[in-house]
Amino acid sequence: MFTTVTLSSRGKPQTVVVGQFKGENLDKVSAGVDPGQWAAWVASKADATGDVGKIVSTYCPDGPERVVVVGLGARESFKPGVLRAAAAALGRFCASAKLTRIGVSLEGALGSLEDVDIADCGRQFGEGLGLISWYYDGLRGKATPDADRGELSVRADDKVFAAGIEDGLVYAAGSNLARSLSQTPPNIATPEFIAHECQKLADETGMECNVIEGEALHEERLTGIFTVGQASENEPCLVRLAYTPEGEYFGKGEGPDAKPVVLVGKTMTYDSGGLSIKVGGGMKGMKRDKDGGCGVIGAMHAIATVVKPPFPVVALLSCAENAISDEAYRPDDVITFRNGVTVEVTNTDAEGRLVLADALCWACELEKPRCIIDMATLTGGVVVALGSAYAGIWCDDNDLRETLEAAGESTGERVWRLPHDQQYKDMMKSPIADIVNSAPVREAHPIQGAAFLSYFCDEKIPWAHIDIAGTHATDKDKGPFIAGPTGFGARLVAEAVRRMGETNDA
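Residues numbered from 1 in each chain as written. Predicted model: local features only at pLDDT ≥ 70, side-chain atom pairs only at ≥ 80, totals over all residues. Heavy atoms only, no water.

Let's shift gears to the layout of surface pockets. When its volume is computed, the largest pocket comes out at roughly 870 Å³. Forming the walls of the largest pocket are 30 residues, and the residues nearest its centre are Arg84, Gly412, Glu413, Lys478 and Phe481. Counting residues per element, the ones that place at least two in the lining of the largest pocket are helix H3 (82-97), helix H5 (118-132), helix H13 (398-411), strand S18 (473-474) and helix H16 (490-503). Counting residues per element, the lining of the largest pocket draws most heavily on H13, which supplies four residues. Residues belonging to the lining of the largest pocket are distributed by class as follows: eight nonpolar, eleven polar and eleven charged. Considered as a void within the structure, the second largest pocket measures approximately 520 Å³ in volume. Those elements giving two or more residues to the lining of the second largest pocket turn out to be strand S9 (261-271), helix H11 (352-367) and helix H12 (381-386). For the lining of the second largest pocket, the residue count by class is five nonpolar, twelve polar and ten charged. (1 Å grid on protein atoms, 1.4 Å probe; cavity = no way out; pocket = protein on both sides within 12 Å on 5 of 7 lines; lining within 4 Å. Points joined across faces, edges and corners; volume = space filled by probe spheres on them. Helix = DSSP H or I, 4+ residues; strand = E, 2+ residues; numbered from the N terminus. Nonpolar A, V, L, I, M, F, W, Y, C, P; charged D, E, K, R; others polar.)

In C-alpha cells:
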C-alpha cells in the first residue's frame, strides 16, 4: 500500500477517476473527462457492473494516461458512506498499478443525486483512502524484505469535495494512530509508553497532557488503577489529555470555560487475567485490551486537528498492566473507590471495569462534564450478542445516544443499544461489600459490565458506555481495513463531538 496519501492542487494527474452507478452508463460530465470518451467506453463493458468498489480502467491515447471507473452501487440506495468502500477499492487498485497521482472527478455522478452533502461525500472518500494506507512495519528485521510503498497524491477540482477529502484524511489519521498503538507489542507499549505518546500528541497539537502516577495515584484515591497494576513492574497511571478551544465562540457559556465533553478509555496494555489467569489461547492478543484508550487517543487527534469544537474535550486514559506476582490483587479482596463504593473482587480477569471506575469517578467529581463517553474492550459477551457488525452501547440520555448513533452511521462505526435496568444493577450486589466486580452467573454478561460502571457515574450527567470487544479488530481484510486493529471509535467519537459543536447542545 502507500506510505502516505496527500491532497494536492498542483500538477497534472496520471489518472482520472470517475464514478458509475450500478446498471447505468456514465453521466455526461463523467463521460467528458477525456477527449476520446474512453471512460464512457470502458464503463459500457460487461465487467463494469457499477457494484460498490468495482474497478475498471483503460489507457488513453489522448488526455490522461489512464481513466478509472469506480462503482458506486445502486443509485436509489446511495449514501455517502459508500464512498469509503469505493475509495478503499480504488486505493488497492492504485497501489497494485503503481499509480501515484490521481484526479478524482466524481462531481458528475454525485451531481446527479438529490440532497447529497458533497463535503460529507469528500470526507468519506478521504477516510477510505486514508484507512487503506495504514501499515505497521516498524518492527520487521533483516529477515523481511523492504516493502515497496509509494505515495499517493490526490487532486479534486471540486473545492467542497476536496475540503471534505482533507477532513477525511485527518479522521483516518486518528484511526490509524489508534491502530498503530494497538499493534505495538506489550513489551514496548507499557503504561509509560502510552503516557509518552499522549504527551507527544499534545506537543504536536497544542493540547495539555498530565500524568498521575506513583504516590499521586494513592493521594487521588485512584484505587482501581493502582490495585490492578500493582503486580507489574510497569507502573500504572491515569493520563489526562485535554483540548481547550481558542478564539470567539457562539452560544452562552461556550469557549475555554465551558463544561467539557469527557472521553474515558480502558487502556490495559496487557491482560494476563491476573491470578484468575487466562487459559489455553486466551492470552494471545491481549495487547489489544488497550484499544478503548487507543480509540480515545485517535479521537483526540482528530478533535484537536480538524473538529475543534467550541467547548473543551478531556480524555482520561486508565493505563495498567494486569500481571501476576506476589503483589497481585486477589479474588476475595475488597476495594474502596473514590466515591465511597466498595467492591468485592470475585474475578481478577474483570479488571477493566475497575480501572474505568476510577476515571468515571474523576470525571464526575473533578471535570464537571456536560457528558461522558467511555470506550472499552470490556466483555466477550458483547461479541456473542452483536458479533462484529455493531459495538454495544448503553446510554439512557436520548440526545447523547442519538448523536452517537448518527455519528456511527456516518463513519461506519455503528453502535446498538442494549438495556440498563435496576434488575441488572441488583445482579452485581455483594454479600459483604456494595457490589462484586463479576457476578457469579454468566447471563447478561455485557450488561453486567455496564451495570457495574453505572455505580461510578452521577445519574445527572449524560453517560454512554461503548463496548468495542467485537469491533476493535478484524481477522481478515475487509473494506478499508486489513487484518488487525480497526481503530474503532476514533472516528465515531470525533464525529459525535463535531455534531455536538454544530448544534451546541452536547
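Back to the write-up after that little detour.
Before going further, it helps to examine the environment of phenylalanine 93. Along the chain, the position of phenylalanine 93 falls in helix H3. A C-alpha to C-alpha distance of 9.7 Å links phenylalanine 93 and valine 56, two positions 37 residues apart in sequence.

For the structure shown, the criterion picks out 24 salt bridges. One salt bridge in this structure joins arginine 75 and glutamate 24, with 2.9 Å as the shortest N-O distance. Residue arginine 75 is found in the loop between strand S4 (66-71) and H3, and its partner glutamate 24 is found in the loop between strand S2 (15-20) and helix H1 (28-31); the two are separated by 51 residues along the sequence. For arginine 75, a relative accessible area of 28% gives the class partly exposed. Glutamate 24 gets classed as partly exposed once you look at its relative accessible area, which sits at 27%. Notably, a salt bridge pairs glutamate 127 with arginine 84, separated by 3.1 Å at the nearest N-O pair. (Salt bridge = Lys/Arg side-chain N within 4 Å of Asp/Glu carboxyl O. Buried < 20%, exposed > 50% of the residue type's maximum accessible area, 1.4 Å probe, protein only.)

Tracing the backbone through its elements, the reader meets alanine 391 in strand S14 (residues 391-395). Judged by its relative accessible area of 1%, alanine 391 is buried. Sequence-wise, alanine 391 and threonine 377 are 14 residues apart; in three dimensions their C-alpha atoms are separated by 9.8 Å. Every residue in contact with alanine 391, bar those within four places of it in the chain, is listed here: Leu386, Arg414, Val415, Trp416, Ile466, Asp467, Ile468, Thr471 and Phe488. (Contact = heavy atoms within 4.5 Å.)

Looking now at a nonpolar patch on the surface. Together, Leu275, Ile277, Val279 and Ile324 make up a nonpolar patch on the protein surface, roughly 370 Å² of accessible area in all. Of note, isoleucine 277 is situated in the loop between S9 and helix H10 (291-307). (Patch = residues over 30% accessible without salt bridge, like charges linked within 9 Å, V, L, I, M, F, W, Y side chains within 5 Å. Areas by Shrake-Rupley, 256 points an atom, 1.4 Å probe, with all protein chains shown as cover.)

Right, let's get into the packing of aromatic side chains. Evaluated as defined, the whole model comprises six aromatic pairs. Both rings, one in phenylalanine 452 and one in phenylalanine 456, keep their centres 5.2 Å apart while their planes meet at 45°; by these two values the pair is tilted. With a relative accessible area of 0%, phenylalanine 452 lands in the buried category. We classify phenylalanine 456 as buried; its relative accessible area is 2%. Ring-pair connections join several aromatic residues into one group, and the members of that group are Phe337, Phe452 and Phe456. One residue, arginine 123, lies across the ring of tyrosine 171, its end atom 4.9 Å from the ring centre. (Phe/Tyr/Trp six-rings, centres within 6.5 Å; stacked < 30°, edge-to-face > 60°. Lys NZ or Arg CZ within 6 Å of the ring centre and 35° of its normal.)

It is worth stressing that arrangement in space is one thing and function is another; only the former is reported here.
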